[in-house]
Amino acid sequence: MMKCLSLLSIIILQTIIDTPKTQAGNLHDNTHCQQGQEVVAFSCPLAKSPKKKIVSLCATQKMVNKQAAVFYRFGPKKNIELSYPKKAMDPHQAFKRHRVVTEKQGEKITMNTWRFSLGAIEYQVYEELIGFREDYGVIVFDKKKKKELVRFGCDDGVVWNQKILNQWPLEK
């Protein structure tokens with residue numbers, strides 16, 4: 001009986017991990033991903049951003065087979081201001097994944113980022129885990145000045161597909 005309960009717990013936990021986290025209705029409502037053509041790896045409306053901007057990481061359908069492209073898109077729903085890369089390329093070359101674990105006042109803080117650079121500017125989609133709280137958003141960082149230029153946290157409506165995002169190896 002105990003083995004059955006343990007196995008059931010593992011199956012339920014794996015289902016939770018593999019299911020995209022979402023707080024909104026339709027998966028494609030708050031995203032720049034093309035419905036039917038792309039999978040939402042990450043997307044959210046940005047809190048306190050002018051013109052209700054959205055940041056999205058969109059994977060082609062083949063991402064499930066690890067043969068795909070991933071695109072970063074940023075801007076209002078009907079007006080993408082930044083799209084990277086311009087043409088499909090290996091997502092492991094286009095984006096780098098980092099994890100930093102620290103502790104503050106006895107609380108563990110884990111920061112996961114998926115990054116790319118255009119010149120001296122680095123764009124980071126982040127997941128920050130502070131104890132049991134999760135925060136998501138985007139950071140724009142000037143590598144030359146070693147300075148954060150802007151940080152937008154996500155508003156309600158976060159889609160975070162751990163199964164796709166964990167396909168990137170951590171950069172050392």
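## Side note on the overall build of the chain
A count of helical and extended segments in the chain gives three helices and 11 strands. Burial statistics for the chain: of 172 residues in total, 42% are counted as buried. Residue pairs at least 24 apart in sequence account for 42% of intrachain contacts in the chain once pairs closer than 6 positions are excluded.

## Concerning the side chain of His32
Tracing the chain through its elements places His32 in the loop between strand S1 (21–22) and strand S2 (38–45). Residue class for His32 comes out buried when judged on its relative accessible area of 7%. With residues near it in sequence (within four places) discarded, His32 still touches Glu38, Ser43, Ile54, Ser56, Cys58, Arg73, Phe74, Gly75, Pro76, Lys77 and Ile80.

## Description of the environment of Gln124
Within the secondary structure layout, Gln124 lies in strand S8 (residues 121–130). On the basis of relative accessible area, Gln124 is assigned to the buried category, the value being 7%. Through-space distance from the C-alpha of Gln124 to that of Arg97 is 9.3 Å; in sequence the pair is 27 residues apart. With residues up to four places along the chain from it excluded, the contact list for Gln124 reads Thr113, Trp114, Arg115, Gly137, Val138, Ile139 and Phe141. Of note is the side chain of Gln124, whose polar atom sits 2.7 Å from the side chain of Glu122.

## Focus on the packing of aromatic side chains
Given two aromatic rings, their pairing is described by the distance between the two centres and the angle made by the two planes. Considering all chains together, one arrives at nine aromatic pairs under this definition. Ring geometry for Phe95 versus Phe116: centroids 5.7 Å apart, planes at 85°, classification edge-to-face. With Phe95 in the loop between helix H2 (91–94) and strand S6 (96–104) and Phe116 in strand S7 (residues 107–118), this residue pair connects regions lying 21 residues apart in the sequence. In this structure Phe95 comes out as buried when scored by relative accessible area, which is 1%. On the basis of relative accessible area, Phe116 is assigned to the buried category, the value being 3%. Here the aromatic cluster, defined as three or more aromatic residues joined through ring pairs, consists of Tyr72, Tyr84, Phe95, Phe116 and Tyr123. Cation over ring: Arg151 sits above Tyr126, and NZ or CZ is 5.2 Å from the ring centre.

The rules behind these values
- Residues numbered from 1 in each chain as written.
- Predicted model: local features only at pLDDT ≥ 70, side-chain atom pairs only at ≥ 80, totals over all residues.
- Heavy atoms only, no water.
- Helix = DSSP H or I, 4+ residues; strand = E, 2+ residues; numbered from the N terminus.
- Buried < 20%, exposed > 50% of the residue type's maximum accessible area, 1.4 Å probe, protein only.
- Contact = heavy atoms within 4.5 Å.
- Polar contact = N/O pair within 3.5 Å; in protein donor to acceptor, adjacent residues only side chain to side chain.
- Phe/Tyr/Trp six-rings, centres within 6.5 Å; stacked < 30°, edge-to-face > 60°.
- Lys NZ or Arg CZ within 6 Å of the ring centre and 35° of its normal.

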